[in-house]
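Per-entry structural report
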Amino acid sequence: MRFLCNLFGRRIKEDPPAARQVRQERPESGGDTITIPGGEWAGGLWADKPVRAPRTLDVTVFMGQSSLPPVWPDDDGYKSYVANDQQRLQNHWITVLLHHPNSDVVMQTLRLPHIECVGPIPVAIADILVQRDQALAREAAKAVWRLSDYGVKKIFNVILSRGMTPSDYSRSQVSQAVDLLKDECPAERKELLEKELHGDE
């Protein structure tokens, strides 16, 4: 079931991005790191448990490391699972950073030149598209159009609840996301936009 939720979207409660942001600001954090609470997104990576991440960072430099650290360095099972698969670790860290309470970190992550739309990433981007922070929502719309055609389809599947589990965004949230995606769609991808909005699902 988790696979289907990650692929097509999942039920979320009223105004989920705002609620998620509040949860992120509550944990005690000290020094140069912050605790990001776990949740369904974390369970989609490995386990529903908190992640310790840098409080602030240059995302491009961090993601450009030749060897990324494990998301859960104290979990031997997780370390065995990811082994030295740098692509998997990149996807996991992108997911983590899209849930970071520091909006600058989220903005930098959305501006990465390449994001694989796998696992919980489509839902994370969709959640940002519908949130009240318009600067982040618009940046998410720009990021969508840097995805592959398949990645764009996955985002629309979540936004438009075209999966087995409805996303349960409000009508106004869906309208905001669609308007932003239309505004930011480059000319060369207008046909794909129309297909996703009006074509076969």
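Just so it is clear, the model here is predicted, and its values are computed rather than measured.

Here we look at the overall build of the protein chain
Of the regular secondary structure elements, the protein chain holds 12 helices and 2 strands. Ordering the α and β elements of the protein chain from the N terminus gives α-α-β-α-β-α-α-α-α-α-α-α-α-α. Out of the 201 residues belonging to the protein chain, those deemed buried represent 49%. In the protein chain, 64% of the contacts between residues at least 6 apart in sequence involve partners at least 24 apart. Counting every atom, the protein chain has about 10000 Å² of accessible surface; 50% of that belongs to carbon and sulfur.

Some words on helix H9 (residues 134-144)
Those residues of H9 that fall on the buried side of the exposure criterion are Leu 136, Ala 137, Glu 139, Ala 140, Ala 141, Ala 143 and Val 144. Of the residues that open H9, the one with a side-chain oxygen 3.2 Å from the backbone nitrogen of Ala 135 is Asp 133.

Notes on empty space enclosed by the protein
Counting across every chain of the model gives 1 cavity of 30 Å³ or more. Approximately 30 Å³ is the volume found for the largest cavity. Lining the largest cavity are Leu 112, Pro 113, His 114, Ile 115, Ala 143, Arg 146 and Leu 147.

So, the confidence of the model for the protein chain
Across the protein chain, pLDDT averages 87, with 84% of residues at or above 70. Every residue in residues 1-29 scores below 50 in pLDDT, and together they form 70 contacts with partners more than four places removed in sequence or on other chains.

A few points about the nonpolar core
Within the largest apolar cluster, 59 residues are counted, with the highest numbers of intra-cluster contacts made by Met 63, Val 96, Leu 98, Leu 129 and Ile 159. When residues in this core are grouped by element, the largest group, 7 residues, is from helix H8 (residues 121-129). Among all residues touching Ile 159, those that are not within four sequence positions of it are Ala 126, Leu 129, Val 130, Tyr 169, Val 174, Ala 177 and Val 178.

The rules behind the values
- Residues numbered from 1 in each chain as written.
- Predicted model: local features only at pLDDT ≥ 70, side-chain atom pairs only at ≥ 80, totals over all residues.
- Heavy atoms only, no water.
- Helix = DSSP H or I, 4+ residues; strand = E, 2+ residues; numbered from the N terminus.
- Buried < 20%, exposed > 50% of the residue type's maximum accessible area, 1.4 Å probe, protein only.
- Contact = heavy atoms within 4.5 Å.
- Areas by Shrake-Rupley, 256 points an atom, 1.4 Å probe, with all protein chains shown as cover.
- Polar contact = N/O pair within 3.5 Å; in protein donor to acceptor, adjacent residues only side chain to side chain.
- 1 Å grid on protein atoms, 1.4 Å probe; cavity = no way out; pocket = protein on both sides within 12 Å on 5 of 7 lines; lining within 4 Å.
- Points joined across faces, edges and corners; volume = space filled by probe spheres on them.
- pLDDT = per-residue confidence, 0-100.
- Core = buried A, V, L, I, M, F, W, Y, C linked by side-chain atoms within 4.5 Å.

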